[in-house]
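# Breakdown of the fold
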Amino acid sequence: MAEDKPVRWNMQSWFPAKLPLAGTMGKEIERKVRLVSGGNIQIRFNEPGALVAPPQCFDSVSSGAIQACWSTPAYWHGKDPTFSIFSAVPFGPEWPELLAWFYSGGGRELYEELYHKHNIHAMPCGGMVPEASGWFKKDVKSIADLKGLKMRILGLGGSVAEKFGVSTQLLPGGDVYPALELGTIDAAEFAAPSVDQVLGFHEVAKFYYFPGWHQPATFYDLMLNKKNWDGLSKTQQAQIEIVCGDNVRQLIAEGEATQSKAIKALQAKGVDVRTWAKEDLNELHAAWLKVAAEYSAKNPGFKKAWESMQAFRTDYKVWKDLQDLDKLR
């Protein structure tokens, strides 16, 4: 509205602007917010490290040193593992079910409660379609071969991998290629094939595993200093919310439409695409349930969010099973 005060905010991104989905969705926030607000709201995208080092985003937004950050909640796993529930859950819901739980099943309220404790208001503003399970420099014939490997892997998936003797670490996307090339790590997961292709992982690792059991769907979010958010008019808040909702729509459409082409291109370059055996996935799933129980025993917030998601999934399964054509054929 005409009486709304102009907003000029800086947003630090974890991802470079040219990186498909991960970065381009951040640039879309900048473009769309300007359009829907008629220029009244401008949120400037900044490349990784332009304002602060990406790992400093959380504290910088919390304190008000910067106004916004484009990230994924699992990057704050070290502050509270509950954040990872709102990023990607191993063997968890895919996009339709994830959105249903978040917006209509109690997830959003728990998410906002968690962020608000830190003077941050956040909202899902994109994300990643099902990821690859990872790139491996050597053939992994079963999960027994994971023992002793050094791997870049995110959040809760990393906690599961550790159950199989994997030494895990979280590296920014730009650091993964040199770490694989130099042998600092033996394996890495990062994103979906269209993203991994651009980062060139196929040049330093040839074995590419699926499915992405650790991240069936991943929320990325827009983090805002809560005091600044509360200072916006209702119209301005709605404009940002609507942009983020449209970003999720765009992410799912573009993400699902582009992966087959990327996989074919990688195979043409000599990548060996593999899938985990059913028994391996069963072992990984059993390990995940143990990890979830351990986090729940230590962290009441994690327990509350995990149980909320599980309760929703139990009810949702009635509907999902009735509509599962593959299962009914």
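Residues numbered from 1 in each chain as written. Predicted model: local features only at pLDDT ≥ 70, side-chain atom pairs only at ≥ 80, totals over all residues. Heavy atoms only, no water.

## Regarding the sheet that holds strand 1 (residues 7-13)
The sheet built from five strands is open, its strands ordered 2-1-3-10-4 with mixed pairing. The open sheet has two free edges, formed respectively by strand 2 (41-46) and strand 4 (120-128), since each of these has just one partner strand. Each neighbouring strand pair of the sheet contributes to a mean axis angle of 25°, computed without reference to strand direction. With eight bridges connecting them, strand 4 and strand 10 (residues 218-225) associate as antiparallel partners. If you follow Pro124 over to strand 10, its bridge partner there is Asp221. The sheet strands contacting helix 5 (residues 107-116) are strand 4 and strand 10, and the helix crosses strand 4 at an angle near 125°. Relative to strand 4, helix 10 (residues 234-268) is tilted by about 25°, and along the sheet it contacts strand 1, strand 2, strand 4 and strand 10. (Pairing = 2+ DSSP bridges. Helix = DSSP H or I, 4+ residues; strand = E, 2+ residues; numbered from the N terminus. Axes fitted to C-alpha atoms, helices over the stretch in contact; angles between N-to-C directions. Contact = heavy atoms within 4.5 Å.)

## With respect to the pairing of strand 2
In this sheet, strand 2 lies alongside strand 1 in parallel orientation, the contact comprising six bridges. Following the sheet pairing, Arg8 is matched in strand 2 by Gln42. Assessed by its sense of winding, the connection that carries the chain from strand 1 through helix 1 (residues 24-36) to strand 2 is right-handed. (Right-handed = clockwise from strand over helix to strand, strands pointing away.)

## Quick word on helix 4 (residues 95-104)
Considered for burial, the residues of helix 4 that qualify are Trp95, Glu97, Leu98, Trp101 and Phe102. Here the buried residues of helix 4 occupy an arc of 165° about the axis, which is enough to place them on one side. Exposed residues pointing more than 90 degrees away from the buried face of helix 4 are listed as Pro96 and Ser104. (Buried < 20%, exposed > 50% of the residue type's maximum accessible area, 1.4 Å probe, protein only. Arc of directions from axis to C-beta.)

## Section: the sheet that holds strand 5 (residues 134-136)
Each strand in a sheet pairs with its neighbour through backbone hydrogen bonds, running either in the same direction (parallel) or in the opposite one (antiparallel). With mixed pairing, six strands are arranged side by side in an open sheet as 7-6-8-5-9-11. Each end of this open sheet is capped by a strand with a single partner; those strands are strand 7 (167-169) and strand 11 (272-275). Here strand 9 (residues 207-210) runs beside strand 11; their pairing, made up of four bridges, is parallel. Counted as the bridge partner of Tyr209 is Arg274 from strand 11.

## Some remarks on the environment of Asn40
As for its position among the elements, Asn40 is in the loop between helix 1 and strand 2. We classify Asn40 as buried; its relative accessible area is 16%. For Asn40, the residues in contact, after removing those within four places along its chain, are Asp4, Lys5, Pro6, Val7, Arg8 and Gln236.

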